[in-house]
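Structure assessment
What follows is the residue order along each chain.
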Amino acid sequence: MFWSKIWFFIVTTVAVVALTFALLMPRPAQRVLGDLERRSLSEACNLITILLEGDARVRLDLTSQFARTQEIINAIDQANGADKIDEARMESARTVAQQVLARTKGKRVPDFAILVDRRGRVVTRVKTADEKDPSENVGGRPLIDEALAGYLRDDLWVGGNNALYFVTAAPVVQLNYTKSDPYFGAVVLGHRVESAFAKALKERIEADVGFFIDSTTIAASKTVALDQTMLQDAVGKLSGGDFARDCSANKPIDLRAGTEEYIAVVARLPGEAADKKAFYAVYAPRPAELGFTGTLNKITKGDLDFGNFPWLLVGGMFIVMLAGGVALMLFEADRPLRRLTAEAVRLAKGDMERMSEDAHPGKFGSIARSVNIHIDKLGRDAKSAKKDLDQLLGPAPEGSLGTIDLLATALPSVRPGGPGPSAPPPPSEFRFNDGGSGSGPMPAPDARRRRRRPRTRSRAPARRRRPPAARPRRRSAAPPRSARRRRAARARSRSRRRCRRRTCPLLPRAARRRRRRRRSRSTTTSSAARRRAARRPRATARASTRTSSRCSISSSR
Amino acid sequence: MSKRPGFALIALLVVAALPRAAGAGKVTGKLELPAPPERPPSATRGFLDRVENQIADVQKPAVAPFLLVALESDGAKADNPADVTWEIVGDSFGKPIVGVPVGGNLVIVNATRTPRALSAAEDGKLIDGIVNPNGQKPVKITAAKVYTITAANAPYLRGKIVGVPSTHFAYVDATGKFELDVPDGSYKVRVFYRDGWIERDETVTVPFKGELQLKGPLAPAKK
């Protein structure tokens, strides 16, 4: 029974562990999914940087082509010769620039253009908010100064109303110019950053993009009110001069936009716009947490295919657990119980006087012992009752069986209330476990006694086999002291024997184990042989004489 | 008639003697310009690094606008020096450095359409308030110090005010030439370049004939 209980515990533990895993597994999976999402977002941010650099190259090529147009060179050259750039000159230059812009091919048509002469004066403006304003000097801005010096470069400007522009500048250089200074001026083309541009970027990276100046959204592929405080905090943590490394340098942050949750990566925008705290953010909705039931809902038929699910392992485990449970139940409960039942039947039939305690393990052995104790008690009670009767009635006459015979003859043949049914003797093929309903009445007590007696005699010593008439009459008077002593000695030795076996709790554990082993070795031997073996003096039994006496006392109680 | 030629002669002599009585002379010279420095990295890089154009060589940064030559005499003091005008054009000053005689006024003129909030890094009280578009801001220079002027709303606007302990100073042109009108006397030649005064040994005595040649490295003065 011990292993059955352990098995139950093991199965329960395995089930609990499996359930814990089932409830727990979605969480790490969710975490891994979130990490993957964050990583992909960082990569998308890096991709945005690359795309913006590529866009800058396209715009730079466009500006360079614009600056090499002869009409533009002529317009600026004429302005260089004038002391003051008046409105008429600006207007004529504007017309030229508009014509050139109209011829611009490709998707990146500039949103504005500025022509600058050698001294940094504005020759004309096209499509700017202040295009009608008088000329001014725009020297000093790094983009224009470096373009006037001969460099092609790009920058980011913040215009009025927080408009963000990607600007590129190129020097206006005259080819084959014979004079000392071939530089005539510079042109600046600007592209406004708008939501259409952000949407175009989104199509490339499959994540939303937003451009911001401080806490103002300039353009975004998706109109969501992102938590600007968290965005500003993330931008504030960025440091270093290399803005292109921002995407890799900072970790994605969790954001809220109303009820929606997002993951975002921020990166600063370079150029003059950096002074205005311009940045862009790549963001995507945070993967929803599925949990246990959500994970179950996401299971598809394909997940349960043999290729995707270890059915063999699960089935094998089930069979092993089931077989283990059945085997343990069989060996520890079913078979011992059957053995006990069979023995109890034999006892009831009278095939045996006592139950063999050693043949039954554990609780079954306890049952057998309890039954034996009760049998002993009944025997003692019967003896004391007989003794009392003997004292009352006197010794039995010669040739009689004593009190038992008297009791047998004294019993009325007719039951109170009328004559009882005539009870025929039981058939020879009678079995104790035959049902009483169809097999006739129970045999009379004297008949039972008669049937039991030969079996008892078979186990009794040869002295008992003598016919009752030849037996000396001992019951006529009080039994002699030697007989009483013998009986007491037999009872003591029986108790001692019982205590020598493993069931005595007072014996040392090693001794009990040794006896159990010895007994298991001699299971095939007959009970008589075992009894003989038990009678043999043993060192361990002698050593535990005191313990045995205690045991006998406790068992007699 | 006999007196008329005499009178005319006297008058001619007086006229001829007048400048000499004032003791003024012109000093012309040529400063050997240092090699132009490499163009510093761009203050504002965009998505890409700047690229040189393929048609012509890139222009070197100008050196001359950062040079100032002054003649100092020990005992001479500037009396009522004239105001000096300094113009803001675009996102820069008309001259990167401006010399102002100690005790003189500098008038900063904002020629842009944007108000400029100027300040001096060395003296917070030197310039007070904002210079409005087409407005002026007079600044009194009381010490022979160098002030770095910046604007809060224009990160690339940057210039230096040089307090010159003399009224005799001049800027050099692109070739390094300069010209000064100074009274007669002995003067020590001082050169200011970019961030500070250059230690030089030359002296000039006016009247001075010929062209003052200032050669040698423009090492900063030892303090």
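Higher on the page you've got the structure.
What comes next is a walk through the structure. On a predicted model such as this, the values are computed, not experimentally measured, just so you know. (Residues numbered from 1 in each chain as written. Chains lettered and ligands numbered in written order. Predicted model: local features only at pLDDT ≥ 70, side-chain atom pairs only at ≥ 80, totals over all residues. Heavy atoms only, no water.)

1. A few points about the packing of aromatic side chains
Considering all chains together, one arrives at eleven aromatic pairs over all chains under this definition. With a centroid separation of 5.3 Å and 90° between ring planes, the pair formed by Phe166(A) and Phe47(B) is classed as edge-to-face. Highlighted residues: Phe166(A) in strand E4 (residues 164-173) and Phe47(B) in the loop between strand E1 (24-31) and strand E2 (51-52), drawn from two different chains. Grouping residues by exposure puts Phe166(A) and Phe47(B) together as buried. Where Trp86(B) meets Phe93(B), the ring centres are 3.8 Å apart and the plane angle is 10°; that geometry is what we call stacked. Of the residues examined, Trp86(B) reaches a relative accessible area of 1% and is grouped as buried. Overall, Phe93(B) belongs to the buried group, its relative accessible area being 6%. What links up through ring pairs into an aromatic cluster is the set Phe166(A), Phe197(A), Phe211(A), Tyr280(A) and Phe47(B). Directly above the ring of Trp197(B) sits Arg190(B), whose terminal nitrogen or CZ lies 4.4 Å from the centroid. (Phe/Tyr/Trp six-rings, centres within 6.5 Å; stacked < 30°, edge-to-face > 60°. Helix = DSSP H or I, 4+ residues; strand = E, 2+ residues; numbered from the N terminus. Buried < 20%, exposed > 50% of the residue type's maximum accessible area, 1.4 Å probe, protein only. Lys NZ or Arg CZ within 6 Å of the ring centre and 35° of its normal.)

2. Regarding the layout of surface pockets
Volume-wise, the second largest pocket comes out at about 1,700 Å³. Around the second largest pocket, the lining is made up of 46 residues, and of these Gly140(A), Asp145(A), Phe66(B), Ser92(B) and Pro96(B) lie nearest the centre. Looking at the lining of the second largest pocket, the elements that each hand over two or more residues are helix H5 (142-149) and strand E5 (183-192) of chain A together with strand E5 (92-93) and strand E12 (154-164) of chain B. Class assignment for the residues of the lining of the second largest pocket results in 19 nonpolar, eleven polar and 16 charged. When residues are assigned to domains, the lining of the second largest pocket turns out to be shared by domain 1 (24-32 + 64-76 + 166-223) and domain 2 (79-164) of chain B, each giving three or more. (1 Å grid on protein atoms, 1.4 Å probe; cavity = no way out; pocket = protein on both sides within 12 Å on 5 of 7 lines; lining within 4 Å. Points joined across faces, edges and corners; volume = space filled by probe spheres on them. Nonpolar A, V, L, I, M, F, W, Y, C, P; charged D, E, K, R; others polar. Domains from an automatic or database assignment.)

3. Notes on empty space enclosed by the protein
All names here are of chain A. Within the structure shown, the criterion is met by one cavity of 30 Å³ or more. Taken as a whole, the largest cavity encloses approximately 40 Å³ of empty space. In terms of lining, the largest cavity is formed by Glu-87, Met-90, Glu-91, Arg-94, Glu-131, Lys-132, Asp-133 and Pro-134. Residues belonging to the lining of the largest cavity are distributed by class as follows: two nonpolar, no polar and six charged.

4. Section: the sheet that holds strand E1 (residues 112-117) of chain A
Strand order in the open sheet formed by six strands is E2(A)-E1(A)-E5(A)-E4(A)-E3(A)-E2(B), and the pairing between neighbours is antiparallel. Two strands lie at the open edges of the sheet, namely strand E2 (122-126) of chain A together with E2 of chain B, each paired on one side alone. Here two bridges tie strand E3 (residues 151-158) of chain A to E2(B), and the two strands are oriented antiparallel to one another. Residue pairing for E2(B): Tyr151(A) is matched across the bridge by Glu52(B). Strands in contact with helix H2 (residues 26-67) of chain A are E1, E3, E4 and E5 of chain A; relative to E4(A), the strand with the most contacts, it is inclined by about 40°. (Pairing = 2+ DSSP bridges. Contact = heavy atoms within 4.5 Å. Axes fitted to C-alpha atoms, helices over the stretch in contact; angles between N-to-C directions.)

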